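# Structural description and commentary
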Amino acid sequence: MEKLIDQHLALNSNAFFGCGRASQLGQLLSGYGFRSPAVIVDQAVSGHPSVSSLIESLATAGLNALKIYKADSRSEPTYSYLDTVAAEFRGSAEPDVLI
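In this text the structure is predicted, and so the values were computed from the model without any measurement. The residue numbers shown here count from 1 along each chain, following its written sequence. Only residues with pLDDT of at least 70 get local features here, since the model is predicted, and only at 80 or more are side-chain atom pairs given and counted; chain-wide, interface and lining totals rely on the full set of residues. For side-chain calculations, the full set of non-hydrogen atoms in the structure is used, while hydrogens and water are omitted.

### What to know about the overall build of the protein chain
In terms of regular secondary structure, the protein chain is built from three helices and three strands. Our radius of gyration is a C-alpha quantity, and the globule rule it is checked against amounts to 2.2 Å times the number of residues to the power 0.38. In terms of overall size, the protein chain is more extended than a compact globule, its C-alpha atoms giving a radius of gyration of 16 Å where 99 residues would be expected to give roughly 13 Å. Projecting the C-alpha coordinates of the protein chain onto the three principal axes gives extents of approximately 55 × 30 × 30 Å. Within the protein chain, buried positions represent 18% of all 99 residues. Method for areas: the Shrake-Rupley scheme with a 1.4 Å probe, in which residue coverage is limited to the protein chains shown. With the model as given, the accessible surface of the protein chain reaches about 7,800 Å², and the carbon-plus-sulfur share is 53%. By the counting rule applied here, Lys and Arg register as positive and Asp and Glu as negative, while His and the ends of each chain are not counted. Think of each charge as sitting on NZ of Lys, CZ of Arg, CG of Asp or CD of Glu. When the 7 positive and 10 negative side-chain charges of the protein chain are each reduced to one mean point, those points stand 5 Å apart. To qualify as a helix, a DSSP run of H or I must reach at least 4 residues; to qualify as a strand, a run of E must reach at least 2; elements of each kind are numbered from the N terminus. Only protein chains enter the accessibility calculation, which uses a 1.4 Å probe. A residue is then buried if its area is under 20% of the maximum for its type, exposed if over 50%, and partly exposed in between.

Here you go:
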């Protein structure tokens, strides 16, 4: 019989809500010390002005997105698809935060 391993996992997360909050994201992330963000956005909304505003917020705060990945949202993602997406973010310039 295998021995079960008991580990504690805690995640620290903050949620910010409200009109115009996305335009403050760059400043917020910069304040936390992040410098190299990457963005995953649903391809169906990737052309929406709010997405452009978010990217602009990052640039204004001096955070140039390393990669903006437009995710295929036509169906529930498979593990294979998630592996493909993860591979897009691995390499010499890995992000320090994922949006």
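### Considerations on the nonpolar core
Nonpolar cores are built from buried Ala, Val, Leu, Ile, Met, Phe, Trp, Tyr and Cys residues. Side-chain atoms within 4.5 Å join them into one set. The biggest cluster of nonpolar side chains holds seven residues, and these are L25, L29, V39, L54, L58, L63 and V97. When residues of this core are traced back to their parent elements, those giving at least two are α1 (25–31) and α2 (49–60). By the convention used here, residues are in contact when the closest approach between their heavy atoms is within 4.5 Å. The residues contacting V97, other than those within four sequence positions of it, are L29, F34, S36, P37 and A38. In terms of nonpolar packing, the next biggest core, distinct from the first, is built from five residues, A38, A71, V85 and F89 among them.

### Things to note about the side chain of S46
Following the sequence through the fold, S46 ends up in the loop between β1 (37–42) and α2. Judged by its relative accessible area of 18%, S46 is buried. Only 3.0 Å separates the side chain of S46 from the backbone oxygen of Q43, close enough to count as a polar contact. Think of a polar contact as two N or O atoms within 3.5 Å of one another; within protein, one of them needs to be a possible hydrogen donor and the other a possible acceptor, and neighboring residues in sequence only count if both atoms come from side chains.

### A closer look at α2
In an α-helix, one full turn covers 3.6 residues, which means residues spaced three or four apart are oriented alike. Under the 1.5 Å per step criterion, the end-to-end length of α2 is 16 Å for 12 residues, consistent within 8% with the ideal 16 Å. Note on α2: the residue one or two positions beyond its end, G62, has a positive phi of about 85°. Helix span is expected to be 1.5 Å times the residue number reduced by one.

### Things to note about the environment of E94
If you trace the backbone, E94 turns up in the loop between α3 (79–89) and β3 (97–98). E94 sits 56 residues away from A38 along the chain, and the two C-alpha atoms are 8.5 Å apart. With sequence-adjacent residues up to four places away left out, E94 is seen in contact with S36, L66 and F89.

### Let's talk about the confidence of the model for the protein chain
When pLDDT is averaged along the protein chain, the result is 85, and 97% of the positions lie at 70 or above. Across the protein chain, α1 holds the top mean pLDDT of 92, while β3 sits lowest at 86. What pLDDT expresses is the predictor's confidence in each residue, scored from 0 to 100.

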